[in-house]
Amino acid sequence: MEKLKRECEECTACELHTVRTNIVFGIGNENADILFIGEAPGENEDLQGQPFVGRSGKLLDELLAEVGFSRNDNIYIANMLKCRPPKNRDPKPSEQAACLHFLERQIEMINPKIVVCVGRIAAQKLISKDFKVTSQHGTFIERDGRLYTATYHPAAILRNIHQKPYAQEDLRIIKEKLLEISK
Ligand code: SF4
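Not measured: the values here are computed from a predicted model.

### Comments concerning the packing of helix H1 (residues 2-9) against helix H4 (residues 93-110)
Right, on to step 1. Packing of H1 against H4 brings their axes to within 11 Å, and their N-to-C directions diverge by 170°. In terms of orientation, H1 lies roughly antiparallel with respect to H4. Here Leu4, Glu7 and Cys8 of H1 lie close against H4, whose contacting residues are His101, Phe102, Arg105, Gln106 and Met109.
Right, on to step 2. A class-by-class count of the residues in the contact of H1 with H4 yields 4 nonpolar, 2 polar and 2 charged.

In structure tokens form, the structure reads like this:
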């Protein structure tokens, strides 16, 4: 994983390398059963080189802790893109295409039982292009021997706090599913 991270640090495959402060490679347990994937780093993530920091990260950590998950212990957190799109715009398809191989190799190395897409962009790239978080969050599909699901992005929850109970329920379901498939 360190070798892949170094490769990522040197990557110039899309224009985002010209505006990054740091790459945001990922954090957590490299043998985790659950991998959370967001879309791309934001401003704080770019400055600190870590995924999901700032208010969104604090909320995600709070939601994870409610079900006994922690980025310092039993999960891994990464993004589809490793560099921040300017002004937090959505990643362009060309940028997604250029960067996705890093995430695919992370998935291979971590070999999680469950992949959780955090927010619409990750879900539409990794589950299906017409995935709707509002109606399909907390559901599972099987692909390549692992389960994929999606939940609300914490930034979206901060904009609409009524979504928080849905994300809490999703995480409870994910924890139950992990226990079920680990028996
Ligand atoms: S976003 Fe990905 S593909 Fe683009 S420069 Fe950064 S690491 Fe390379």
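Having seen it, we continue.
### A short note on the pairing of strand S4 (residues 114-118)
Right, on to step 1. Of all 5 residues that make up S4, 5 are buried, and the element is covered over most of its length.
Right, on to step 2. Residues of S4 alternate between two faces, with Ile114, Val116 and Val118 on one and Val115 and Cys117 on the opposite face, all of them buried.
Right, on to step 3. Sheet topology note: the S4/strand S6 (residues 146-151) ladder contains 5 bridges and is parallel. Following the sheet pairing, Ile114 is matched in S6 by Leu147.

### With respect to the sheet that holds S4
Right, on to step 1. Read across the open sheet, the 6 strands follow the order S1-S3-S2-S4-S6-S5; overall the sheet is mixed. In this open sheet, the two strands that pair with only one neighbour each are strand S1 (27-28) and strand S5 (141-143).
Right, on to step 2. Relative to S4, strand S2 (residues 34-38) runs parallel, the two being bridged by 4 bridges. In the strand pairing of S4, Leu35 is matched with Val115.

### Quick notes on the site of the ligand
Right, on to step 1. All residues in the neighbourhood of the ligand are listed as Cys11, Ala13, Cys14, His17, Arg20, Lys82, Cys83, Ala98, Cys99 and Phe102.
Right, on to step 2. A molecule is said to occupy a pocket when more than half its atoms come within 2 Å of that pocket's grid points, and by this definition the ligand occupies the largest cavity.
Right, on to step 3. Classifying every residue of the shell around the ligand gives 7 nonpolar, 1 polar and 2 charged.

Conventions we followed
- Residues numbered from 1 in each chain as written.
- Predicted model: local features only at pLDDT ≥ 70, side-chain atom pairs only at ≥ 80, totals over all residues.
- Heavy atoms only, no water.
- Axes fitted to C-alpha atoms, helices over the stretch in contact; angles between N-to-C directions.
- Helix = DSSP H or I, 4+ residues; strand = E, 2+ residues; numbered from the N terminus.
- Parallel < 35°, antiparallel > 145°, perpendicular 65-115°, else oblique.
- Contact = heavy atoms within 4.5 Å.
- Nonpolar A, V, L, I, M, F, W, Y, C, P; charged D, E, K, R; others polar.
- Buried < 20%, exposed > 50% of the residue type's maximum accessible area, 1.4 Å probe, protein only.
- Pairing = 2+ DSSP bridges.
- Near = heavy atom within 4 Å.
- 1 Å grid on protein atoms, 1.4 Å probe; cavity = no way out; pocket = protein on both sides within 12 Å on 5 of 7 lines; lining within 4 Å.
- Sits in = over half its atoms within 2 Å of the grid points.

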